[in-house]
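Okay, here's what each chain looks like letter by letter:
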Amino acid sequence: EKIKHVIAAGAEELFNFSNLETDASPENIVFSTGKIFAGDSGKKIIYSFDLAKKTTAVISDAKEKTNSLKFPTAGKNNDIYYFGENNIVQLDASSLKTKILNIQLAAGADNADSMAFFNGKLYIPHKNANQIYAYKKDGEKFIGSGWLKEKTDLANVADIDIDGSVYLLKNDGQLLKYLKGREENISLAPIEPALAHPTTIIAKSESNYIYILEPANKRLAVFDKEGKFILQYQMEQIADLKDFAIYEESETIYLLNKNSIYKIQIKHLK
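Residues numbered from 1 in each chain as written. Predicted model: local features only at pLDDT ≥ 70, side-chain atom pairs only at ≥ 80, totals over all residues. Heavy atoms only, no water.

Asker: In this structure, what is going on with the sheet that holds strand 16 (residues 166-170)? I would like to understand it.
Answerer: Sheet architecture is open: 4 strands sit in the order 15-16-17-18, paired in antiparallel fashion. On the outer flanks of this sheet lie strand 15 (157-162) and strand 18 (182-184), each paired with one strand and no other. Looking at each pair of strands side by side, their axes are set apart by 30° on average, direction ignored. Taken together, the 4 bridges between strand 16 and strand 17 (residues 175-179) define a ladder with antiparallel strand orientation. Each residue of the ladder has a partner; that of L168, found in strand 17, is L176. (Pairing = 2+ DSSP bridges. Helix = DSSP H or I, 4+ residues; strand = E, 2+ residues; numbered from the N terminus. Axes fitted to C-alpha atoms, helices over the stretch in contact; angles between N-to-C directions.)

Asker: I keep staring at the sheet that holds strand 24 (residues 252-257) and nothing clicks. Help me out?
Answerer: Backbone hydrogen bonds are what pair the strands of a sheet, in a parallel or an antiparallel way. Strands sit in the order 2-25-24-23 across an open sheet of 4 strands; the sheet is antiparallel. The two strands at the open ends of the sheet, each matched to only one other strand, are strand 2 (12-16) and strand 23 (241-247). Shown here is a sheet whose adjacent strand axes are inclined to one another by a mean of 25°, direction ignored. Two elements, strand 2 and strand 25 (residues 260-265), share 4 bridges in a ladder whose sense is antiparallel. Along strand 25, the bridge assignment pairs E12 with K263.

Asker: Where do I start with the packing of aromatic side chains in this structure?
Answerer: To describe a pair of aromatic rings, you give the distance between the ring centres and the angle between the ring planes. As enumerated under the stated definition, the model contains 12 aromatic pairs in all. Relative to Y135, the ring of Y133 lies with its centre 6.3 Å away and its plane at 45°, an arrangement referred to as tilted. Accessibility assignment for this pair places Y133 and Y135 in one class, buried. Here the aromatic residues F15, F17, Y47 and F49 are joined through ring pairs into a cluster of three or more. (Phe/Tyr/Trp six-rings, centres within 6.5 Å; stacked < 30°, edge-to-face > 60°. Buried < 20%, exposed > 50% of the residue type's maximum accessible area, 1.4 Å probe, protein only.)

Asker: How should I be thinking about the environment of A38 in this particular structure?
Answerer: Of note, A38 is situated in strand 4 (residues 35-40). Residue A38 is classed as buried on the basis of its relative accessible area, which comes to 0%. Counting along the chain gives 178 residues from A38 to A216, while the straight-line C-alpha distance between them is 21 Å. Apart from the residues lying within four places of it in its own chain, the contact partners of A38 are F17, P26, N28, I29, I45, I46 and Y47. (Contact = heavy atoms within 4.5 Å.)

Asker: Help me understand the pairing of strand 22 (residues 229-234), please; the structure alone is not making it clear to me.
Answerer: Side-chain direction in a regular strand flips from residue to residue, so the side chains alternate between the two faces of the sheet. Burial of strand 22 is extensive: 5 of the 6 residues sit out of reach of the surface. In the sheet, strand 21 (residues 219-224) pairs with strand 22 via 5 bridges, with the strands oriented antiparallel. Of the residues in strand 22, the one forming a bridge with R219 is Q234.

Asker: Sorry if this is basic, but what is going on with the side chain of S48 here?
Answerer: On the secondary structure map, S48 appears in strand 5 (residues 45-50). With residues near it in sequence (within four places) discarded, S48 still touches K35, I36, F37, T55, T56, A57, I59 and L96.

Asker: Help me understand the side chain of K43, please; the structure alone is not making it clear to me.
Answerer: Within the fold, K43 resides in the loop between strand 4 and strand 5. There is a polar contact of 3.2 Å between the side chain of K43 and the side chain of D23. (Polar contact = N/O pair within 3.5 Å; in protein donor to acceptor, adjacent residues only side chain to side chain.)

Asker: Sorry if this is basic, but what is going on with the nonpolar core here?
Answerer: The tendency in soluble globular proteins is for nonpolar side chains to be buried as a group. Grouped together as the largest cluster of nonpolar side chains are 20 residues, with contacts concentrated most on L220, Y233, F244 and I253. Only strand 20 (209-214), strand 21, strand 22, strand 23, strand 24 and strand 25 provide two or more residues apiece to this core. With residues near it in sequence (within four places) discarded, I253 still touches L220, Y233, F244, A245, I246, Y262, K263, I264 and I266. (Core = buried A, V, L, I, M, F, W, Y, C linked by side-chain atoms within 4.5 Å.)

Note that all results are geometric; they support no functional claim without further evidence.
Written out as structure tokens, the structure is:
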């Protein structure tokens, strides 16, 4: 474990969303305004858990207006955006109110597989078009245009995040980096065991680290922004790892495991 830079992380359960809805099935989480928000596309509702007050809420005012609540990404002014297939659900994390915005998918672009917000735009990689489209808000809708300026293969892209540069995580463990639409050099240092089935990346501008989740191996791998391997958190007691969120200020990592929120303490900042 020392050679592999493994931290055996003891995860503490904070809340089970089944206590709110018996058939709850949250698929993603995002952190904002001291709360964890969990999207449930099956029920088309959003669960909220206030970390300080230990209070919960069920946000269902978008239930009849959207088809899904996928790929939550935090925007400005405490807004969180969800991809609803034929629209965008905008959630105010403070008031817990939602607004439905139209999205005009670019010609030739299919449904989204991931999404990230940066500098007023939603960035969505479309695999069939081999293009990342940047969707700018125009009134009550988002209109997109092609962002990549060179050919690339997006067939195996699992997730996207942005810190000024755009990072694309592929499901074979490869990481691609783009700046102003053109590819830049980056190579993740090897880790043991090698990344084989990663699903999620977080690489925010306020952080010096890249976080990559691999549920199949019950771990979260941490790299610096140059691709140097820092360490990996191993969570053996986690059986159905779906998503994660980072709050470096409190040195905490939040995990969505099945229907529950867990937390582990960050060690690599020290």
